[in-house]
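# A structural walkthrough
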Amino acid sequence: MQHLDNQVISQAMEWLTSRPVWLCTVLTTYGSSPRAPGALMVANADGHFCGSLSGGCVEEDFLQRIAAGEYQQASQIVRYGEGGLTPNIALPCGGSLDVLIEYLTAMPGNLEYLQRMGMALAGHYALTKSLTLPAACDHLELTNYHNATQVMRNEDCITLHLAAPPRLLIAGLSSVALYCADFACALGFEVVVCECREDVLENFQSSLKAGIRLEKQFPAKYLEEQSCHANTAIVALTHDPRMDDLTLMEAVNTPAFYIGAMGSQRNSARRRERLQTIADFTPEDFSRLHAPVGLSIGSKTPAEIALAVMADIVKHKNGVNQLVTAV
């Protein structure tokens with residue numbers, strides 16, 4: 001399953017081969033808004049669109065304005081909600097949002113522009129994008145990772161640091177791992193599962209949904225050879241200390257934003273003792289480790305545990321770190 005941003009860019013490229021498109025990026029939000037900065041939508045003059053600006057509040061008005069011949073400049077910014085355009089249905093949250101609209105005609109240069117964005121998103125790279133209103137984008141390059149899109153505006157000069165889509169690396173298959181993989185796909189994560197145990201693969205491989213990448217390799221070996229990017233969460237969910245401990249020993253050498261391992265408070269304490277003795281974990285290493293993993297929601301079933309795990313990962317991805325974890 002593709003991240004929504006990838007779907008938007010793929011659809012934009014398909015349409016652009018025969019017709020112009022309007023590529024929209026949420027720049028800033030004020031008050032409560034259902035979409036975060038960096039959210040993408042693409043539309044064409046036939047009234048079709050992919051993605052979302054507001055979760056359904058303003059899209060109809062936007063399409064009507066396109067049909068009426070508006071938004072013909074290479075780039076411009078419009079505001080929806082309080083203090084801006086009055087859509088047919090006002091934002092129910094009472095907030096407002098600024099949207100960058102790029103009008104792309106069916107020409108090779110614009111297709112190449114979208115292809116570069118698509119390649120970066122598919123490779124889970126972050127991008128820096130700059131333009132000066134009302135001109136087209138004049139700067140697009142790979143950049144360091146960000147956990148959220150950042151927008152800088154200096155009058156008509158706009159610079160966006162577009163965050164890379166997140167990745168979940170699951171070390172070892174289990175019932176909890178299957179639910180985590182499903183939830184992560186629904187949340188727009190790229191999902192990679194590392195599993196090399198033949199008996200486990202025999203039991204669980206057929207349950208992995210399409211779009212989940214299976215690496216038949218020991219997780220620690222995969223991390224040693226491949227590492228990961230900074231928008232990655234790594235979770236060990238097997239209850240097998242041989243697999244989980246070695247995964248954690250390699251994970252702390254990566255820039256992953258989240259590292260977690262499943263287990264009770266008692267088992268997690270024993271794991272910490274082993275990591276201290278065997279791997280000489282430092283206080284900084286332990287500070288990165290979420291074990292027990294997940295939010296404390298009283299979870300018992302595999303699905304509930306997976307929900308707690310993914311909720312904690314999303315919380316940290318979004319920079320909300322004040323809640324206590326314990327599952």
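Residues numbered from 1 in each chain as written. Predicted model: local features only at pLDDT ≥ 70, side-chain atom pairs only at ≥ 80, totals over all residues. Heavy atoms only, no water.

### Thoughts on the sheet that holds strand 5 (residues 96-104)
- Taken together, five strands build an open sheet; the order of strands is 3-2-1-5-4 and the sheet is antiparallel. Here the strands that pair on one side only, and so sit at the sheet edges, are strand 3 (49-51) and strand 4 (75-81). Strand after strand, the sheet turns through a mean of 25° between neighbouring axes, direction not considered.
- By the bridge criterion, seven bridges tie strand 4 to strand 5 in an arrangement that is antiparallel. By the bridge assignment for strand 5, G81 is matched with S96.
- Contacts from helix 2 (residues 59-67) reach strand 1 (21-30), strand 2 (40-43), strand 3, strand 4 and strand 5 within the one sheet, and its direction differs from that of strand 2 by about 40°.
- Sitting on the sheet, helix 3 (residues 108-122) touches strand 1 and strand 5, and the angle it makes with strand 5 is about 130°. (Pairing = 2+ DSSP bridges. Helix = DSSP H or I, 4+ residues; strand = E, 2+ residues; numbered from the N terminus. Axes fitted to C-alpha atoms, helices over the stretch in contact; angles between N-to-C directions. Contact = heavy atoms within 4.5 Å.)

### Topic: the pairing of strand 9 (residues 157-162)
- Most of strand 9 sits inside the fold, with five of its six residues counted as buried.
- Across six bridges, the pairing between strand 6 (residues 126-132) and strand 9 is antiparallel. Each bridged residue has a counterpart across the sheet, and for L131 the counterpart in strand 9 is I158. (Buried < 20%, exposed > 50% of the residue type's maximum accessible area, 1.4 Å probe, protein only.)

### Some words on the pattern of salt bridges
- Within this structure, the stated rule accounts for 18 salt bridges.
- Linking D245 and R274 is a salt bridge whose minimum nitrogen-to-oxygen distance equals 2.6 Å. With a gap of 29 residues between them, D245 in helix 7 (residues 241-251) and R274 in helix 8 (residues 265-278) connect regions that are remote in the sequence.
- With relative accessibility at 29%, the residue R274 sits in the partly exposed group.
- Residues joined in a network through salt bridges with shared partners are R167, E190, R213 and E215. (Salt bridge = Lys/Arg side-chain N within 4 Å of Asp/Glu carboxyl O.)

### Structural notes on the packing of aromatic side chains
- Applying the stated criterion across every chain yields a total of four aromatic pairs.
- Ring geometry for Y179 and F183: centres 6.3 Å apart, planes at 40°, overall tilted. Here Y179 and its partner F183 are both found in helix 4 (residues 175-186), four residues apart, which amounts to about one turn of the helix. (Phe/Tyr/Trp six-rings, centres within 6.5 Å; stacked < 30°, edge-to-face > 60°.)

None of the figures reported here should be taken as evidence of function without further support.
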